Amino acid sequence: METDVLVVGGGNAALAAALSARDQGVQVLVIERAPKFYRGGNSRLTRDYRVMNTRENKYMTGMYHEEEFMEDLRRVAGGEINEPIARLVVRKSEELPDWLNKQGIQWQPALSGTLHLGRTNIFQLGGGKAVMNSYYQTAKAKGVEVWYDSKLEDIEMSGTKFKAAKVRRNNRIETIKAKAVIFAAGGFEANIEWHKRYWGDAAENFIIRGTPYNQGNVLEMLLNKGASQIGEPDAFHAVAVDGRAPKFDGGIVTRLDSVPFGIVVNKNGERFYDEGEDFWPKRYAIWGGLIARQPDQVAYSIIDSQTLGKFMPSVFEPVSAGTIEELAEKLGLNPTVVAKTVEDFNYAVRPGTFNPGELDDCKTEGLKPVKSHWAVRIDKPPFYAYPLKAGITFTYLSVEVNEQARIKWKDGSLCDNMFAAGEMAAGNVLRRGYLAGFGLTMGAVLGRIAGEEAANGITRATR
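Fair warning: this is a prediction, and the values are worked out from it, not measured in the lab. (Residues numbered from 1 in each chain as written. Predicted model: local features only at pLDDT ≥ 70, side-chain atom pairs only at ≥ 80, totals over all residues. Heavy atoms only, no water.)

1. A word on the environment of T46
Here's step 1: Along the chain, T46 falls in the loop between β2 (28-31) and β3 (48-50).
Here's step 2: Note: C-alpha distance between T46 and L223 (177 residues apart in sequence) is 28 Å. (Helix = DSSP H or I, 4+ residues; strand = E, 2+ residues; numbered from the N terminus.)

Structure follows, in structure tokens:
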């Protein structure tokens, strides 16, 4: 088998790369490890892209300018971002809604309420599954070939130049020669044994929000062959998910958004972090890591009847009880300790004007950890709780790329026909932290760049 551009992976970044390359007139083959039904990786479980917006947009509620976007990235990442690549992604994000619409992807008006995303994010009509179906339908119409159930086993190189791929398909190894290759096969978030290298047995308690097919085999292969490594090896984007969620593939509906509206305690019945630190889209991604560091990697979100219904619920019903002590017993926690934790919290709450749409003045005083905003006494029965676990979305360990999405090698050289995008390049922008919707944006932008660069390189070589 021979092709011009080989794309390894089948999600948002991969299809953005494939379509961008195909639009330059070259032949493209996509290999997707998953079966057709599960194609799309984590992208099929998403719902919105974060995009710069400097003009009227009927699907967003206001303007979102470059510097605000950049500052949001710096805040969530503690300043640890690659400024040139991050700024490139931010600037080119404004092109995405129109470009994606040309690929068949439709938009819907912004969701309202406590998500605080209407001004910064654009929401897909039908969610991630519809996005991936549109991508693949357009790819088929444009003549992009797709192989499912196809796992990359190895690659052949001449120096640092890609020559061919060894792909396991239909229980045999097939060789694919290509003039350029784009790697967009995701991180290692579904590989529990790999997580154990850094987290030990605690990794057994992690929930994997997305596809079980992101095992990191392509990433590991490239690093072993000498690709430059970037991103924290033990870091991941992880959120608080319902502890009753399935081990894999539960998706966005298992995420818990109740954290800012009550308190969160660990297995010992103790609070361990400020539940009201910032708006949820900017701080929700830290909660997975926080829970991962608690005893047995579990926590519990406790609220009362006055805040139930102010957030998007889980697909699972909350645990409920008439008293805090009874609620604690149902959760398997020490009733006396939990009751004391709630009592201390209620005592520390200072009156204010509760407003989930703003960083309000409802806070605690004399309590550690403090609750900075949305602190309301938990004293209106019945009381409710959700069990929480760390739900991993993607990992930050990546291959290093430049602004053309070309893979860098340990000696500092660049490969002229090997590119990376999506989760495999996430660490080039963020070392830690996350902004809601940014993963899709980063994947699509770098995917488009990779596709164009790969195709243009082929065109130049044949002139």
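2. A word on the sheet that holds strand β5 (residues 121-124)
Here's step 1: If you trace the 3 strands from one edge of the open sheet to the other, you get β3-β5-β4, paired in antiparallel fashion. Taken across any chain shown, the strands that pair with only one partner, and hence form the sheet edges, are β3 and β4 (107-108). (Pairing = 2+ DSSP bridges.)

3. A look at the pairing of strand β13 (residues 263-266)
For a regular strand, side chains alternate in direction, first toward one face of the sheet and then toward the other.
Here's step 1: Of the two faces of β13, the one carrying I263 and V265 and the one carrying V264 and N266 are both buried.
Here's step 2: For β13 and strand β14 (residues 298-304), the ladder comprises 4 bridges, and the chain directions are antiparallel. Looking across to β14, one finds that V264 is bridged to S301. (Buried < 20%, exposed > 50% of the residue type's maximum accessible area, 1.4 Å probe, protein only.)

4. What about the packing of helix α10 (residues 324-331) against helix α11 (residues 335-348)?
Here's step 1: α11 packs onto α10 with a crossing angle of 130 degrees between their chain directions and a minimal axis gap of 8 Å. Between α10 and α11, the angle falls in the class oblique. The hand of the α10/α11 crossing is right-handed. Together, I324, E325, A328 and E329 of α10 and P335, V338, A339 and V342 of α11 make up the contact between the two elements.
Here's step 2: Considering only residue class, the contact of α10 with α11 consists of 6 nonpolar, no polar and 2 charged. (Axes fitted to C-alpha atoms, helices over the stretch in contact; angles between N-to-C directions. Parallel < 35°, antiparallel > 145°, perpendicular 65-115°, else oblique. Left-handed = near helix turned anticlockwise from the far one by under 90°. Contact = heavy atoms within 4.5 Å. Nonpolar A, V, L, I, M, F, W, Y, C, P; charged D, E, K, R; others polar.)

5. A look at the packing of aromatic side chains
Here's step 1: According to the stated counting rule, one finds 18 aromatic pairs in the structure shown.
Here's step 2: Pairing Y273 with W287 gives two aromatic rings, centres 5.8 Å apart and planes at 90 degrees, and the pair type is edge-to-face. Within this pair, whereas Y273 is found in the loop between β13 and α8 (280-283), its partner W287 is found in helix α9 (residues 287-292), the two being separated by 14 residues in sequence.
Here's step 3: Through pairs of rings, three or more aromatic residues link up here, namely F261, F311, F354 and Y386.
Here's step 4: Above the ring of F37, the side-chain terminus of K129 is found at 4.6 Å from the ring centroid.
Here's step 5: The positively charged end of R169 is found above the aromatic ring belonging to W147, 3.9 Å away from the centroid. (Phe/Tyr/Trp six-rings, centres within 6.5 Å; stacked < 30°, edge-to-face > 60°. Lys NZ or Arg CZ within 6 Å of the ring centre and 35° of its normal.)

6. With respect to the side chain of D72
Here's step 1: Checked against the element boundaries, D72 lands in helix α2 (residues 66-76).
Here's step 2: Here Y64 takes part through its side chain, which lies 2.7 Å from a polar atom of the side chain of D72. (Polar contact = N/O pair within 3.5 Å; in protein donor to acceptor, adjacent residues only side chain to side chain.)

7. Some thoughts on the nonpolar core
Here's step 1: In terms of nonpolar packing, the biggest core is built from 99 residues, with Y49, Y135, F183 and L222 touching the most fellow members.
Here's step 2: It is helix α12 (residues 438-461) that contributes the most residues to this core, 11 residues altogether.
Here's step 3: Among the nonpolar cores identified, the runner-up in size contains 22 residues, and I324, L327, V342 and L367 belong to it. (Core = buried A, V, L, I, M, F, W, Y, C linked by side-chain atoms within 4.5 Å.)

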